[in-house]
Amino acid sequence: MPSELSIACSLDSSQLPGRLAEMADLGRAALIDARIDARRAQLRFAAGSGIRARVEAIVAAESRCCAFLRMRVGEEPETVVLTIDAPEDAEMVLAELVDAFGQQPAA
């Protein structure tokens, strides 16, 4: 019988500011759009030099500390798409993660 992952981030308080800064920097540099629908979020980033690698690095890091989230990186024309699925009762964590990338899309 599979066990459910707990809805808790294992990132310690000394690591959190750096991670949030990394997400905010990426958001300022390339975020086009961010949408949340229930327990799924989709963030679209303008494809550019190194943007996909930056998104993938954040996904890899977040997958270690927030294993209860399912994250996928894909592409659309000139866009890198990050899709995040959260389990029931993790909607607030999902919203906070999306907010970490910033409210204002890149111009």
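The model shown is predicted, which means the values in this text are computed figures rather than measured ones. (Residues numbered from 1 in each chain as written. Predicted model: local features only at pLDDT ≥ 70, side-chain atom pairs only at ≥ 80, totals over all residues. Heavy atoms only, no water.)

Describing the overall build of the protein
Cut-off, in case you're wondering: Only DSSP runs of H or I with at least four residues qualify as helices, and only runs of E with at least two residues qualify as strands; both kinds are numbered from the N terminus onward. Relative accessibility under 20% of the residue-type maximum defines a buried residue, over 50% an exposed one, and the middle range a partly exposed one, all with a 1.4 Å probe and only protein chains included. Any two residues having at least one pair of non-hydrogen atoms within 4.5 Å are treated as being in contact.
A tally of regular secondary structure across the protein gives 3 helices and 4 strands. Put simply, the protein runs from its N terminus to its C terminus through helices and strands in the order α-β-β-α-β-β-α. Taking all 107 residues of the protein together, 36% fall into the buried category. Contacts spanning at least 24 positions in sequence make up 64% of the contacts within the protein whose residues lie at least 6 apart.

A look at helix H2 (residues 51-65)
Note the following rule: What a helix should span is 1.5 Å times the count of its residues minus one.
For H2, with 15 residues, the first-to-last C-alpha span of 22 Å sits near the 21 Å given by 1.5 Å per residue. Listed in full, the buried residues belonging to H2 are Ile51, Val55, Ile58, Val59, Ala61, Glu62 and Cys65. Check the buried side of H2 and you find it contacts helix H1 (16-30), strand E2 (40-46), strand E3 (70-76), strand E4 (79-85) and helix H3 (91-100).

A few points about the pattern of salt bridges
Spelled out, the test is: Salt bridge, as used here: a side-chain nitrogen of Lys or Arg that lies within 4 Å of a carboxyl oxygen of Asp or Glu.
According to the stated counting rule, one finds 8 salt bridges in the structure shown. A salt bridge links aspartate 25 to arginine 28; its shortest N-O distance comes to 2.3 Å. Of this pair, aspartate 25 and arginine 28 both sit in helix H1, 3 residues apart, which is roughly one turn of the helix. Accessibility expressed as a relative area gives 37% for aspartate 25, which makes it partly exposed.

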